[in-house]
Amino acid sequence: MQFVVLTLFPELFDTFQNHGMIRRAVELQKISLQTIQIRDFAEGRHRVTDDRPYGGGPGMVMKPEPVAGAMRSALKMAPDARRIHLTPQGRPFSNTMARQLAKEKELILLCGRYEGIDERICRNFIDDEVSIGDYILTGGELAAMVVIDAVSRFIPGVLGCADSSEDDSFSDCLLEHAHYTRPFEFEGDPVPEVLLSGDHGKIGHWRLQSSLMRTFFKRKDLLIDHALTAEELKIMEGWQKEIQSIIDFQQKE
Ligand code: 9D3
């Protein structure tokens, strides 16, 4: 996957590119990440990229010509790219969207600053508008990094051991089970015995219980939105019986 980012702050991508999974993916040539400085396509001695909004009001708007210039330059590098504008007005980004985008060969990510980009760019140079959630950022750059990170995980060979196919079914529905590593006892707090038993059937069942319980307490919405398996329903019926027996015991005064 070739990512091309259009931004007024290309330096923001330096540390992102040079660490962890993204760096490894670049080294393995699973992805490439290029940035284009929109200001390089601005005219005049001062290379101005913003201007006052028609109709008045506070803030500044990104001028269309430099963005169009940067986009045409990006399209020379990535002619078949899906062109994505990171904007608070976009479709909410999700793991499902990340998996879809991972099928593309090239992505161009346009990052806005100020109040936004001239509408004629949004209308004529963009395939998709994406938001990463309902909170206000100062620009699209962090959102672009979020998209690159989440999309890259779905590109075969980018993740080390944990495979992304697992994400397809399981982790979209339930939260992950609890994790433990050595030492066996940390500040008086031991690891659950079952994880040392070597019985993979029991361990699998414990992890499913852990997943369900964490999802129930932290994200009930996930239990309602997704169909539960027979095993998951059985675990929850077990809890229901245990809770009911405690209630019954307490109520017989
Ligand atoms: C506070 C200014 N807002 C109303 C006057 C409009 C506004 C403009 C530009 C709010 C945020 C931004 C900059 N944000 C992004 O470019 C952005 C973003 C976000 O803010 N939240 C979630 N996803 C995204 S993707 C790009």
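The coordinates are above.
As the structure is a prediction and not an experimental result, all values here were calculated from the model.

Undergrad: How should the side chain of Ser210 be read in this particular structure?
TA: With respect to the helices and strands, the residue Ser210 is situated in helix H8 (residues 200-218). Judged by relative accessible area, Ser210 falls into the buried class, the value being 11%. A polar atom in the side chain of Ser210 sits 2.9 Å from the backbone nitrogen of Ala178. Once residues within four sequence positions are removed from consideration, Ser210 is found in contact with His177 and Ala178.

Undergrad: How do you make sense of the pattern of salt bridges when you look at a structure like this?
TA: A pair can form between side chains of opposite charge whenever their charged atoms are brought close. Following the criterion strictly, the structure yields ten salt bridges and no others. For Arg113, the salt bridge identified is with Glu141, shortest N-O distance 2.9 Å. One end of the pair, Arg113, is in the loop between strand E6 (106-111) and helix H5 (119-124); the other, Glu141, is in helix H6 (residues 141-152), and 28 residues separate them in sequence. Of the two residues examined, Arg113 and Glu141, each falls in the buried class.

Undergrad: Honestly, unusual backbone geometry in this entry has me stumped. Any pointers?
TA: Most peptide bonds adopt trans geometry, and most residues besides glycine take a negative phi value. Here Arg182 and Pro183 are connected by a cis peptide whose omega angle stands at 10°. We note that Gln29 has phi near 60°; this positive angle belongs to a residue other than glycine. Along the chain, Gln29 turns up in the loop between helix H2 (20-27) and strand E2 (32-37). The exposure class of Gln29 is exposed, given its relative accessible area of 71%. Despite not being glycine, Arg47 shows a phi value in the positive range, around 45°. Along the chain, the position of Arg47 falls in the loop between E2 and strand E3 (50-51). Of the residues examined, Arg47 reaches a relative accessible area of 38% and is grouped as partly exposed.

Undergrad: It is not clear to me how the environment of Arg82 should be interpreted in this structure. Could you clarify?
TA: Relative to the elements of secondary structure, Arg82 occurs in strand E5 (residues 82-92). Taking the relative accessible area as the measure of exposure, Arg82 reaches 28% and is therefore partly exposed. Put simply, Arg82 and Ile203 are 121 residues apart on the chain and 43 Å apart in space, counted from C-alpha to C-alpha. In this structure, Arg82 is in contact with Leu101, Glu104, Glu106, Leu107, Ile108, Asp127 and Asp128, ignoring residues within four places of it in sequence. A distance of 3.2 Å separates a polar atom in the side chain of Arg82 from a polar atom in the side chain of Asp128.

Undergrad: How should I be thinking about the site of the ligand in this particular structure?
TA: Near the ligand there are 16 residues, and of these Glu115, Ile132, Gly133, Tyr135 and Leu137 occur at the shortest range. With respect to the ligand, the backbone of Ile132 contributes an N or O atom lying 3.0 Å from a nitrogen atom. Between an oxygen atom of the ligand and a main-chain N or O atom of Gly140, the distance comes to 3.3 Å. Burial of the ligand by the protein amounts to 74% of the accessible area it has alone, namely 570 Å².

Cut-offs and rules
One numbering rule holds for all chains: residues counted from 1, following each sequence as written. Only residues with pLDDT of at least 70 are given local features in this predicted model, and only at 80 or more are side-chain atom pairs given and counted; all residues enter the totals for whole chains, interfaces and linings. As a convention, hydrogens and water are excluded, and side-chain values are obtained from all of the structure's heavy atoms. Only DSSP runs of H or I with at least four residues qualify as helices, and only runs of E with at least two residues qualify as strands; both kinds are numbered from the N terminus onward. Relative accessible area decides the class of each residue, using a 1.4 Å probe on protein chains only: under 20% of the type maximum gives buried, over 50% gives exposed, and in between gives partly exposed. Whenever a nitrogen or oxygen atom comes within 3.5 Å of another N or O atom, the pair is scored as a polar contact, on the condition that within protein one atom can donate a hydrogen and the other can accept it, and that pairs from neighbouring residues in sequence are kept only if both atoms are in side chains. What makes two residues a contact is simply this: any of their non-hydrogen atoms within 4.5 Å. In the sections that follow, a salt bridge refers to a side-chain nitrogen of Lys or Arg positioned within 4 Å of a carboxyl oxygen of Asp or Glu. By convention in this text, a residue qualifies as near a molecule or strand provided that one of its non-hydrogen atoms is within 4 Å of it. All accessible-area figures derive from a Shrake-Rupley calculation using a 1.4 Å probe, and residue coverage is judged against the displayed protein chains alone.

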